[in-house]
Amino acid sequence: MPYPHFPKECTSALCRHLTPELYEELRDKKTRYGYTLDQLIRSGVDNPDSSIGVYAGDEESYTLFAPLLDPIIREYHRFDPRTQRHVSDMDPDHLQIDNPDPENAYILSTRIRVGRNLHCFPLGPNLARRERLIVECMVSDTLRTLDGELAGRYYPLTGLSEEDRKQLIEDHFLFKEGDRFLESAGLNRDWPEGRGIYHNDDKTFLVWVNEEDQLRIISMQPGGDIAQVFTRLSHAVTELQKRLTFAFDERLGYLTSCPTNLGTAMRASVHIRLPKLSKEMERFHAICDRHELQIRGIHGEHSESEEGIFDVSNRRRLGITEVEAVRQMAAGVRELIEAEKEI
Ligand code: ADP
Ligand code: ARG
């Protein structure tokens, strides 16, 4: 492939960092699992409205294509992968935060997820059909050994009725289908085979299997008791870590297919109703920027807000511990609530 064409309105991290010279330098490189530069950048080339535009195919992508990926990582996470090291801290005893909305007036629900991938396999964009099935089998077998609050059932996507699937998406429990960014990255190959969802009866603990990452481990519940949600997640991750080896790098933390998820691979969010503040978007954005928070719509990434309800979460995931990321989110949410009250 020649140097890709990016339309002039393109602002993705990919088009800003991939110069023709860098393209020449990296174009013939291939990881041991056979992943190439063209595969790495395919999503951002097909979708010029990407914000980032790259997906790694395996652990080695992060070293072999570092001349392109390091600057993208540095810009997104404010973390220099050449000189810094990621530190993890998922100890709930270190969190020490109160519910920012004890009267239950603003926060509808809290959700914290982490992404994980198995050390012995390529990442999703480069996972062969057979490997994906093995990952599904290993992960669902492991999940079956969980007990207590984490005990639940694995539902393969192929076995879900269309009605149940839609309801799970509508209720914010299940991933959507047909994301064009994932499609171009090769993450939707052989869909829906090999994908599924595990959850407990209360749907407070869930695991997505073989979506953007091999595992998305999720803890969620109504209301704003962030500490309880984090404690459950931490417990689940500890249990799973005893049974599975996750891809982890001393510099980059937990390895994920999208560089925005590296490090903690954690997104801690609340669904919060801010009808007044949402009429003053400049102020809303200013508070979020100050706390490095990201605003999403009510159905997650690339969706719109409805009825003044927003999904507010930490933006950085690398170079910050899990505890710090959750604290940062909670502090920002507290300030958003203050602003809403004041208006
Ligand atoms: P991810 O969290 O993996 O980055 P998305 O942004 O696509 O993925 O969100 C996945 C689903 O989780 C969506 O249905 C979204 O509405 C839901 N969700 C996110 N945060 C919350 C929350 N705090 N409460 C309830 N549902 C949430
Ligand atoms: N690839 C998409 C883009 O560049 C999404 C990036 C971040 N989100 C994600 N789900 N990985 O806009």
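I will try to describe carefully the structure that is included in this document.

Cut-off values and rules
- Residues numbered from 1 in each chain as written.
- Chains lettered and ligands numbered in written order.
- Predicted model: local features only at pLDDT ≥ 70, side-chain atom pairs only at ≥ 80, totals over all residues.
- Heavy atoms only, no water.
- Near = heavy atom within 4 Å.
- Polar contact = N/O pair within 3.5 Å; in protein donor to acceptor, adjacent residues only side chain to side chain.
- Areas by Shrake-Rupley, 256 points an atom, 1.4 Å probe, with all protein chains shown as cover.
- Pairing = 2+ DSSP bridges.
- Helix = DSSP H or I, 4+ residues; strand = E, 2+ residues; numbered from the N terminus.
- Axes fitted to C-alpha atoms, helices over the stretch in contact; angles between N-to-C directions.
- Nonpolar A, V, L, I, M, F, W, Y, C, P; charged D, E, K, R; others polar.
- Parallel < 35°, antiparallel > 145°, perpendicular 65-115°, else oblique.
- Left-handed = near helix turned anticlockwise from the far one by under 90°.
- Contact = heavy atoms within 4.5 Å.
- Buried < 20%, exposed > 50% of the residue type's maximum accessible area, 1.4 Å probe, protein only.
- Arc of directions from axis to C-beta.

## Quick notes on the site of ligand 2
Taken together, Ser-50, Ser-51, Ile-52, Gly-53, Tyr-55, Phe-181, Glu-212, Cys-258, Thr-260, Asn-261 and Glu-301 form the complete shell of residues around ligand 2. Residue Ser-51 places a main-chain N or O atom 2.7 Å away from an oxygen atom belonging to ligand 2. Between Glu-301 and ligand 2, the recorded distance is 2.6 Å, taken from a side-chain N or O atom to a nitrogen atom. Here ligand 2 has 340 Å² of accessible area as a free molecule, and 92% of this is covered by the chains.

## Some words on the sheet that holds strand β3 (residues 196-200)
Strand order in the open sheet formed by eight strands is β2-β3-β4-β5-β1-β8-β10-β9, and the pairing between neighbours is antiparallel. The sheet terminates laterally at β2 (152-156) and β9 (293-296), the two strands that pair on one side only. Direction aside, neighbouring strands of the sheet carry axes that sit 20 degrees apart on average.

## Quick word on the site of ligand 1
Lining the immediate environment of ligand 1, one finds 18 residues, of which Ser-109, Arg-111, Arg-216, Ser-269 and Arg-296 sit closest. Interatomic distance of 2.9 Å between a side-chain N/O atom of Arg-113 and an oxygen atom of ligand 1. In the model, a nitrogen atom of ligand 1 is placed 3.3 Å from a nitrogen or oxygen of the Asp-311 side chain. Isolated, ligand 1 exposes 560 Å² of accessible area, and the fraction of that covered by the protein chains is 93%. Contributions of two or more residues to the shell around ligand 1 are made by β1 (107-116), β5 (215-222) and β8 (266-273). Among the residues making up the shell around ligand 1, the classes are represented as four nonpolar, seven polar and seven charged.

## Description of the packing of helix α10 (residues 281-290) against helix α11 (residues 322-342)
Relative to each other, α10 and α11 sit at 155 degrees, their axes nearing to 9 Å. As summarised for this structure, α10 and α11 are arranged roughly antiparallel, according to the angle between their axes. As for how α10 packs across α11, the hand of that crossing is right-handed. Of α11, the residues touching α10 (which contributes Arg-283, Phe-284, Ile-287, Cys-288 and Arg-290) are Gly-332, Glu-335, Leu-336, Ala-339 and Glu-342.

## Considering helix α7 (residues 162-170)
Those residues of α7 that sit buried are Arg-165, Leu-168 and Ile-169. Along the long axis of α7, the arc covered by the buried residues comes to 100 degrees, so they all point the same way. In α7, those exposed residues whose orientation departs by more than 90 degrees from the buried face are Glu-163 and Lys-166. Along its buried surface, α7 packs onto β3. Where α7 ends, the next residue or the one after it, His-172, has phi of about 75 degrees, a positive value.

## With respect to the pairing of β8
In terms of burial, β8 is a largely internal element, seven of the eight residues being buried. Summarising the sheet, β1 and β8 pair through seven bridges and their orientation is antiparallel. Bridge pairing in β8 links Ser-109 to His-271. Across five bridges, β8 lies against strand β10 (residues 309-314) in antiparallel orientation. Paired with His-271 across the strands is Asp-311, a residue of β10.

Functional significance is not addressed by these values, which are geometric in nature.
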